[in-house]
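Chain and residue survey
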Amino acid sequence: MTIADLRALHTVIGSAIDRIETVYKSERPPLEYPSLDEPYYISEPHTREVDRAEELRLTDAVFAAANEIVAACGQLTAAVHKPFFQLVEIVNGANIVALFHFVEQTHIPEMLREAGPEGLSTKDIAAKVAEMRAATPGAAEVDIDPAKIGHILRVVATYHWVREVRPDVFANNRLTSFIDSGKSLEQLKLAPQKKYDGTDGVAAFVGMAGDEVFKLMSHLSEWLLTGGLTTNATNGLALGMAYDTKRKYYEWLEDPGNESRLTRFGHAMNGTRYWETAENIIHGLNAFRFLRATGVADPSVGFAWNELPKDAVVVDIGGGIGSVSVILSQAYPHLRFAVEDRAPVVAIAREAWGTKHAELFDSNRVTFHPQDFFDEHAPFEIPGVGRVSEPDVFLARAVAHNWPDKDVLKLLAILRRAAGPHTKLLWVDNLLPYACVDEKAAGGAVRSLVPEGSPLLPNLGKASANGFILDITMMGLFDAKERTYREMDALTEATGWKITEVKRAVGSLWAYTTAVPV
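Residues numbered from 1 in each chain as written. Predicted model: local features only at pLDDT ≥ 70, side-chain atom pairs only at ≥ 80, totals over all residues. Heavy atoms only, no water.

A separate point is a nonpolar patch on the surface. Taken together, the side chains of F84, F85, L87, V88, I90 and V91 present a nonpolar region at the surface, about 610 Å² in accessible area. Within the secondary structure, I90 is located in helix α4 (residues 83-91). Accessibility expressed as a relative area gives 67% for I90, which makes it exposed. (Patch = residues over 30% accessible without salt bridge, like charges linked within 9 Å, V, L, I, M, F, W, Y side chains within 5 Å. Areas by Shrake-Rupley, 256 points an atom, 1.4 Å probe, with all protein chains shown as cover. Salt bridge = Lys/Arg side-chain N within 4 Å of Asp/Glu carboxyl O. Helix = DSSP H or I, 4+ residues; strand = E, 2+ residues; numbered from the N terminus. Buried < 20%, exposed > 50% of the residue type's maximum accessible area, 1.4 Å probe, protein only.)

The strands that make up a sheet are held in pairs by hydrogen bonds between backbone atoms, and each pair lies either parallel or antiparallel. Across the sheet, which stays open at both edges, the seven strands sit in the order β6-β5-β4-β9-β10-β12-β11 with mixed pairing between neighbours. Looking at strand neighbours, the two that pair on one side only are β6 (366-370) and β11 (497-504), the edges of this open sheet. Neighbour-to-neighbour, the strand axes of this sheet turn through a mean angle of 25 degrees, independent of strand direction. In this sheet, strand β9 (residues 393-397) lies alongside strand β4 (residues 313-317) in parallel orientation, the contact comprising three bridges. Residue D316 lies in a different strand from β9, and its bridge partner there is L395. (Pairing = 2+ DSSP bridges. Axes fitted to C-alpha atoms, helices over the stretch in contact; angles between N-to-C directions.)

Let's shift gears to the nonpolar core. In terms of nonpolar packing, the biggest core is built from 86 residues, with Y249, W305, F394, L425 and L426 touching the most fellow members. Counting 20 residues, the second-largest nonpolar core is a separate cluster that includes V103, I108, I125 and L153. (Core = buried A, V, L, I, M, F, W, Y, C linked by side-chain atoms within 4.5 Å.)

Packed helix pairs are characterised by how far apart their axes lie and by the angle those axes make with each other. Where helix α7 (residues 122-134) meets helix α8 (residues 146-158), the axes come as close as 8 Å, and the angle between the chain directions of the two elements is 105 degrees. Relative to α8, the element α7 is oriented roughly perpendicular. Within the contact between the two elements, α7 uses T122, K123, I125 and A126 and α8 uses P146, I149, G150 and L153. Residues belonging to the contact of α7 with α8 are distributed by class as follows: five nonpolar, two polar and one charged. (Parallel < 35°, antiparallel > 145°, perpendicular 65-115°, else oblique. Contact = heavy atoms within 4.5 Å. Nonpolar A, V, L, I, M, F, W, Y, C, P; charged D, E, K, R; others polar.)

Spatial relationships are all this shows, so hold off on functional conclusions.
This is the structure we're talking about:
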C-alpha cells in the first residue's frame with residue numbers, strides 16, 4: 001500500500017466526519033455527536049437533545065458515513081499495524097469473548113450503573129460479585145482477588161468497552177451501557193433467573209455467545225477437518241463435539257437441564273433486532289422517511305405492509321417470542337401477526353414479555369401458535385378472523401440462515417404448498433456481498449457496496465465484518481450459512497418461488513427479499 005493509498009483512506013475518514021458534523025450542526029439547537037465516555041441507558045429517561053443525538057446516529061446519512069469511517073480505519077490498521085501484533089489479537093480473540101461473558105454473568109455493567117460516573121474500585125466490584133454469587137442458587141462461593149478483576153476490566157477498557165477513570169477504578173461508558181440489562185442489583189439478587197425478562201435482549205445475546213456458541217466454536221476446525229467441509233456434514237455438528245450430543249441445536253435447547261438456555265435464547269433473539277433498525281423492519285429506512293414526510297407510503301421502497309387489507313394475516317415463521325411481530329403490529333394495527341415456533345418456545349413467549357405489549361396479545365393482534373416448520377403447514381385459528389389456511393404473508397426473518405441448503409429447500413417447498421395465489425414470502429437475512437467487485441452482478445446482487453474509485457474494500461471490510469462473522473457462527477451451530485444473492489435465488493427458483501424485489505438495509509448487510517409463487 002502506497003502513501004497515496006493511506007492518504008486516500010484518510011480522506012474517506014475526514015469526508016465522512018464532515019458529513020456527520022453537517023447533520024448534527026443542522027439541528028436546532030446544534031447537537032454534538034454522542035460521547036463514548038457517557039453511558040446511554042435505554043431503561044432511563046433522557047433529555048430531548050440526548051435522545052435526538054442518538055436518533056441521528058441511525059439516519060441514513062450518519063449511518064453510511066459511520067460505516068465508511070469503520071471500514072477505512074480497519075483498512076488503515078491492517079496496512080500499518082505490525083502483522084505479528086495483529087496476529088496475536090486475532091488468534092487470541094477467544095480471550096475477549098471469555099472476558100465479555102464474565103462481565104455479563106457477574107452483572108458488572110449493572111454494578112457500574114448504580115455506582116455512577118465516579119465508578120467503582122476493583123475491591124468494591126470484587127465484594128459485590130461475591131455478594132451476588134452468594135445470593136445465586138447453586139453458585140459456588142469463591143475468594144475473589146480484586147487484582148484479577150482489574151486485569152480483566154483493563155482489557156475490556158483497552159477495547160473501549162468500559163472506562164478506567166483512575167487506577168483500578170472503573171465506570172460504564174456508552175458501550176458498557178449497551179449490555180446493561182437495566183435491572184437493579186436488588187432485582188438480580190431476588191430473581192437472577194429473570195435477568196433478561198422485559199429487557200432488549202442484548203445481555204442475553206452476550207450470555208449465549210459466551211456460553212454454548214463460544215464452546216462449540218472452539219471445536220469448529222476439528223469439525224471441519226473430520227467431515228464438516230462436505231456439502232452436508234457427515235460428522236454431525238460442532239455442537240455435538242462440544243456437548244456430546246447428536247441432537248440439533250434447537251432440540252438440544254429443549255433437553256432437561258437446558259431450561260435457562262432455552263429462555264435466554266428467546267431473549268437473545270430479541271436482542272438481534274439491533275442488526276437492523278426498527279425503521280428498516282417496518283418500512284425500509286427510505287420508505288419511513290417518505291411516509292413521515294407525506295403521510296402516504298411510497299410503493300417503490302420497503303415492503304408494502306400498508307397495502308395489505310384489514311385483518312390480513314402475517315405468519316412469522318420461527319418467530320420466537322414475537323420480537324419482530326410486536327414491532328410490526330405497533331406500526332400496522334390493521335394486520336394480524338401469527339407467531340409460529342416450536343411448542344416449548346411458544347409456551348414461554350407471553351411470560352418472556354412480562355407486562356409489556358399486553359394489549360397486542362389480549363386483542364389477538366399478535367398470537368402464538370406451535371408449528372414445526374418442517375412439518376406440513378397446518379391451518380390455524382385466530383379469534384376474530386377465523387380459520388387461516390392461506391396466509392397473506394410468510395415472514396421468515398433470520399430463519400433460513402439457521403439451516404443448510406437441503407433443509408431450506410424443504411422449508412420453502414412446504415411454504416409454497418401452503419401459499420395461496422396472492423401469498424408473498426418476505427425473506428429477511430444477511431445478503432452477503434463479495435470481498436471483490438462482482439463484475440457479473442445481476443438481479444438483486446450488487447457490484448460493490450462502495451462507489452466507483454473508492455479505496456475501500458468492496459464489501460466495506462470491517463464495517464460489514466459482523467455479517468461475515470455471523471455466517472461462520474451459523475456454520476458452527478447448524479452447518480448453515482448466510483447467503484449471497486446467487487445462492488438465495490437458486491433456492492427460491494428450485495421451490496416454486498420467484499424473487500421480485502430486494503431491498504437492502506441502510507448500514508448493514510441485512511436485506512428484505514420478496515418472492516411470489518410461480
